[in-house]
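# Examining the three-dimensional arrangement
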There are 2 protein chains.
Amino acid sequence: MGALASVASPKAGASTGHRPNAPGSDAPGSEDALTALLGLLHDDMQACNREIVARMDSDVALIPQLAAHIVAAGGKRLRPLLTLASARMCGYPRASGPEAGGARHVRLAACVEFIHTATLLHDDVVDESTLRRGMASANAVFGNKASVLVGDFLFARAFELMVQDGSLRVLAILSRAAATIAEGEVLQLATQNDLSTSESRYLDVIRGKTAALFVAACQVGAVLAGRPEEEERALAEYGSNIGMAFQLVDDALDYAADQAVLGKTVGDDFREGKITLPVLAAFHAGSAADRAFWRRTIEESEQREDDLDHALRLMAQCGAIEATLSRAAAFAASAQAALAPFPDSPLRRALIGVADYTLQRAR
Amino acid sequence: MGALASVASPKAGASTGHRPNAPGSDAPGSEDALTALLGLLHDDMQACNREIVARMDSDVALIPQLAAHIVAAGGKRLRPLLTLASARMCGYPRASGPEAGGARHVRLAACVEFIHTATLLHDDVVDESTLRRGMASANAVFGNKASVLVGDFLFARAFELMVQDGSLRVLAILSRAAATIAEGEVLQLATQNDLSTSESRYLDVIRGKTAALFVAACQVGAVLAGRPEEEERALAEYGSNIGMAFQLVDDALDYAADQAVLGKTVGDDFREGKITLPVLAAFHAGSAADRAFWRRTIEESEQREDDLDHALRLMAQCGAIEATLSRAAAFAASAQAALAPFPDSPLRRALIGVADYTLQRAR
């Protein structure tokens, strides 16, 4: 789509030496960035996938059935991949000594994915979504009730695994993240249909609902490897910025992608009256008539058949999608800058590539 | 109601020396048993209530608002009360030494209540309940979405508090309990509308969804006080049997109580096609015509206006409520027997009274 063909240059990129790939450059594409990371972590990721399947089991047959549905739907496993990558970049496990050959990173990556999956199951119930990753969502297949309860199970199971791991520091990071995610989701609910929501409040929402788990996923890697606090903070900062970029692009895609590419229904956010940056940008840039349109469709939830098309036209007129992607690019650049404390390595390069990947999903 | 006026004598009571009060005896009534426990733990319970209010706070205003709604609705705080009682009966904290004057039992009792509250919020969404403890349920007031998400928040907050407490043993017990509760709830969903469910499967459901948290609530008390494994097991056994008795009485009350007494809608289980012991008893004791009635109403969810009254008549004919309460009484007696390893004390006597209380709710 036209609006997605140009991403404004990031403001924060220049100082780091890592500029997110400009559109049309011959830098590796988005899939390549993820493929590179997966190539470096192939065995770890396979072990993580085995751990996920083994640990979502239960004597109650409906639990692995429903969990398998959402796990089989794939997704890129970006969050556990970041835990594995962070741990390995930080040198976990040591080549010798008591931790040699350890697999704590694999188990904790699975925990991160379980927490993510639990929030996805509950999100789809809350949003009444029927599509997830291009397949019927779990709630559409198994019903809302089963989705709520299996989400609860996966969440509890994640904590059981963390307890088995035995690090109170890791437990503190991930339990804090889980509470922050829920706070972000509730805040999102409170801002729904409310066009007086400020941009900063919108950023608070996505910092909670999305970035918090990316922060924890990355930070845990440094903790596992016993790295100094500076590196822990650097990886948390990287994760936070990746998460923000990721969600901003997601919010742009909801108005700009092909359904086949997106793997979920286009215009969902519009129909739900969700307050995202594209909407806020178009609302604030709009004429009196435009604002009346947004008030009717978003605040009063009174939508007609061609309203989504009209919304897309208004966004195109004022560059709302470009503005959103530009903000995403700035966060991606900050993510790359946050990796400064780490020496060059294939994993560091791959993590820099992940920042590009978050943007390139929009191309 | 007539069916509730007579509780069959427990089979397991005689061997313990603690027989649950027979109906019509002049033993203290149910409120007295709880009042006695509350009297012994007044300061602890006040501290626990303060902890609950302080820890359900969040910058996201909707969270304390919704949480206050369900917390204000009261409930007897039976589970945290059991944690406090177990810890104190086991001698926590020691009168001198590093743990003297400790308040870990208060914090962990609050955790137990948060986990319970989270499951209540999700239950009411899953069951589409509109009444809880005699008030409009949170989902009826704030919507299903907020209930799901605030439940998630309270669950995560409970784990944060446990992590602050710092005992991996306690974390293991409560994370296992949380997973078991979710398994029980999913199993209940899987048995819904299915009259081929065996009694033993029904007992599995309530062992998971209800007894598991009572087990953990009591066991944690012994762990806090550093008591030997035998006493830990004894308190777990006590909690398990209390939980089973409690749920069996609850399932009887759903068909036999006044709505004003019950604090929720009578006949909810019937309308939902929930498989509980009163239904299984009436179904198995019924004639061919009766069974056809149960199949139509429970399995096919085809219910007419006077079906609940007919269901109550069938249950009265075969003594289904009495049979259920008799099972409850046997569990209550086992709970009392489980306290054998502990010397006589006011707290032990109060805990014995709690077993009576679970039964006397039905009178």
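Looking only at helices and strands, chain A features 17 helices and 2 strands. Put simply, chain A has 363 residues, and 62% of those count as buried. For chain A, the accessible area works out to roughly 13500 Å², and carbon and sulfur atoms hold 50% of it.

The next point concerns the interface of chain B and chain A. With 36 residues of chain B in contact, the opposing surface of chain A contributes 36 residues. Summed over both partners, the interface of chain B with chain A comes to about 3400 Å²; 77% of that surface belongs to carbon and sulfur atoms. When the area that chain B buries against chain A is broken down by residue, the three leading residues are B:Lys145, B:Leu149 and B:Val186, summing to 18%. At the junction of chain B and chain A, the tally comes to 2 salt bridges. For the salt bridge of A:Arg176 with B:Glu160, the shortest nitrogen-to-oxygen distance reads 2.5 Å. Seen at the junction of chain B and chain A, the total is 8 residue pairs in polar contact (both at pLDDT 80 or more).

On to the side chain of A:Gln247. Note on placement: A:Gln247 falls in helix H10 (residues 229-256). Each residue touching A:Gln247, except ones within four places of it in the same chain, is listed here: A:Ile206, A:Lys209 and A:Thr210.

On inspection of all chains with the given rule, the structure shows 38 salt bridges over all chains. Note that A:Arg104 is salt-bridged to A:Asp165, the shortest N-O span being 2.7 Å. Taken together, the residues span a long stretch of sequence, with A:Arg104 in helix H5 (residues 104-127) and A:Asp165 in helix H7 (residues 144-165) at a distance of 61 residues. In this structure A:Asp165 comes out as buried when scored by relative accessible area, which is 14%. Through salt bridges with shared partners, one network takes in A:Arg157, A:Glu160, B:Arg176 and B:Glu183.

Turning our attention to helix H8 (residues 168-191) of chain A. Counting along an α-helix, one turn takes 3.6 residues, and residues three or four places apart therefore face a common direction. Residues and elements named next belong to chain A. Given a rise of 1.5 Å per residue, 24 residues ought to cover 34 Å, and the 34 Å separating the end C-alpha atoms of H8 matches this to within 8%. Counting buried residues in H8 gives 18 out of 24 residues, a clear majority hidden from the surface. One or two positions beyond H8, positive phi appears at Asn-193, with a value near 65°.

Our next topic: the environment of B:Glu230. Residues and elements named next belong to chain B. For Glu-230, the position within the fold is in helix H10 (residues 229-256). Using a relative accessible area of 48% as the deciding quantity, one classes Glu-230 as partly exposed. It is 8.1 Å that separates the C-alpha atoms of Glu-230 and Pro-341, two residues lying 111 residues apart in sequence.

Our focus in this paragraph is the relation of the copies chain B and chain A. For the match of chain B to chain A, the screw axis carries a shift of 0.0 Å, the RMSD comes to 0.0 Å, and the turn is 180°. These values place the two chain copies in the arrangement generated by a two-fold rotation axis. Most of the interface of chain B is mirrored in chain A: 100% of its interface residues are interface residues there too.

Relative to the assigned elements, B:Ala67 resides in helix H3 (residues 62-72). The spatial distance from the C-alpha of B:Ala67 to the C-alpha of B:Ala355 is 29 Å, given a sequence separation of 288 residues.

Here we come to the nonpolar core. Core analysis: the biggest nonpolar cluster contains 254 residues, and A:Tyr238, A:Trp294, B:Tyr238 and B:Trp294 have the highest contact counts within it. Apart from the residues within four sequence positions on either side, B:Trp294 is in contact with B:Leu195, B:Phe270, B:Val279, B:Ala282, B:Phe283, B:Glu299, B:Ala311, B:Leu314 and B:Met315.

In this section: the packing of helix H4 (residues 78-89) of chain B against helix H17 (residues 346-360) of chain B. Residue and element names in this part refer to chain B. Interaxial distance between H4 and H17 falls to 10 Å at its minimum, and their mutual angle equals 150°. Taken together, H4 and H17 sit at an angle that is classed as roughly antiparallel. Two packed elements cross with a definite hand, and for H4 against H17 that hand is left-handed. Mapping the contact onto sequence places Leu-78, Leu-82, Ala-85, Arg-88 and Met-89 in H4 and Leu-347, Arg-348, Leu-351, Val-354 and Tyr-357 in H17.

Before going further, it helps to examine H4(B). All names here are of chain B. Relative to the 16 Å expected for 12 residues at 1.5 Å per residue, H4 spans 16 Å between its end C-alpha atoms, a close match to the ideal helical length. H4 sits mainly inside the fold: 11 of its 12 residues count as buried. Leu-78, Arg-79, Pro-80, Leu-81, Leu-82, Thr-83, Leu-84, Ala-85, Ser-86, Ala-87 and Met-89 are the residues of H4 that are buried.

As a further point, take the packing of helix H2 (residues 42-55) of chain B against helix H5 (residues 104-127) of chain B. Residue and element names in this part refer to chain B. It is the contact of H2 with H5, at a shortest axis distance of 9 Å, that shows an interaxial angle of 60°. What the angle tells us is that H2 and H5 run oblique. Two packed elements cross with a definite hand, and for H2 against H5 that hand is right-handed. Within the contact between the two elements, H2 uses Asp-44, Ala-47, Cys-48, Glu-51, Ile-52 and Arg-55 and H5 uses His-105, Val-106, Arg-107, Ala-109, Ala-110, Glu-113 and Phe-114. For the contact of H2 with H5, the residue count by class is 7 nonpolar, 1 polar and 5 charged.

Residue and element names in this part refer to chain A. Here chain A averages 88 in pLDDT, while 86% of its residues score no lower than 70. Taken as a whole, residues 1-28 scores under 50 in pLDDT and shows 52 contacts with residues more than four places along the chain or in a different chain. For this predicted complex, the interface confidence comes out at an ipTM of 0.89, alongside a pTM of 0.89.

Position of B:Arg157 relative to the elements: it lies in helix H7 (residues 144-165). The sequence separation of B:Arg157 and B:Ala328 amounts to 171 residues, and the corresponding C-alpha distance is 33 Å. Setting aside residues no more than four positions away along its own chain, B:Arg157 makes contact with A:Arg176, B:Arg55, B:Asp57 and B:Phe114. A distance of 2.7 Å separates a polar atom in the side chain of B:Arg157 from the backbone oxygen of B:Arg55. Side chain to side chain, B:Arg157 and B:Glu160 meet in a polar contact 3.0 Å long.

The next point concerns the packing of aromatic side chains. Aromatic rings considered in pairs are described by the distance between their centres and by the relative angle of their planes. Tallied over the entire structure, the rule returns 14 aromatic pairs over all chains. On the basis of an interplanar angle of 45° and a centroid distance of 5.5 Å, the ring pair of A:Phe214 and A:Phe246 is categorised as tilted. Of this pair, A:Phe214 sits in helix H9 (residues 199-224) while A:Phe246 sits in helix H10, and the two are 32 residues apart along the sequence. The exposure class assigned to A:Phe214 is buried, which follows from its relative accessible area of 0%. Residue classification places A:Phe246 among the buried residues on the basis of a relative accessible area of 11%. Relative to B:Trp294, the ring of B:Phe270 lies with its centre 6.3 Å away and its plane at 80°, an arrangement referred to as edge-to-face. Of this pair, B:Phe270 sits in helix H12 (residues 268-272) while B:Trp294 sits in helix H14 (residues 288-299), and the two are 24 residues apart along the sequence. Taken together, the ring pairs connect A:Phe155, A:Phe159, B:Phe155 and B:Phe159 into an aromatic cluster.

About the cut-offs
Residues numbered from 1 in each chain as written. Chains lettered and ligands numbered in written order. Predicted model: local features only at pLDDT ≥ 70, side-chain atom pairs only at ≥ 80, totals over all residues. Heavy atoms only, no water. Helix = DSSP H or I, 4+ residues; strand = E, 2+ residues; numbered from the N terminus. Buried < 20%, exposed > 50% of the residue type's maximum accessible area, 1.4 Å probe, protein only. Areas by Shrake-Rupley, 256 points an atom, 1.4 Å probe, with all protein chains shown as cover. Contact = heavy atoms within 4.5 Å. Buried area = accessible area lost by both parts, 1.4 Å probe. Salt bridge = Lys/Arg side-chain N within 4 Å of Asp/Glu carboxyl O. Polar contact = N/O pair within 3.5 Å; in protein donor to acceptor, adjacent residues only side chain to side chain. Expected span 1.5 Å × (residues − 1). Least-squares fit on C-alpha atoms with pLDDT ≥ 70 in both. Core = buried A, V, L, I, M, F, W, Y, C linked by side-chain atoms within 4.5 Å. Axes fitted to C-alpha atoms, helices over the stretch in contact; angles between N-to-C directions. Parallel < 35°, antiparallel > 145°, perpendicular 65-115°, else oblique. Left-handed = near helix turned anticlockwise from the far one by under 90°. Nonpolar A, V, L, I, M, F, W, Y, C, P; charged D, E, K, R; others polar. pLDDT = per-residue confidence, 0-100. Phe/Tyr/Trp six-rings, centres within 6.5 Å; stacked < 30°, edge-to-face > 60°.

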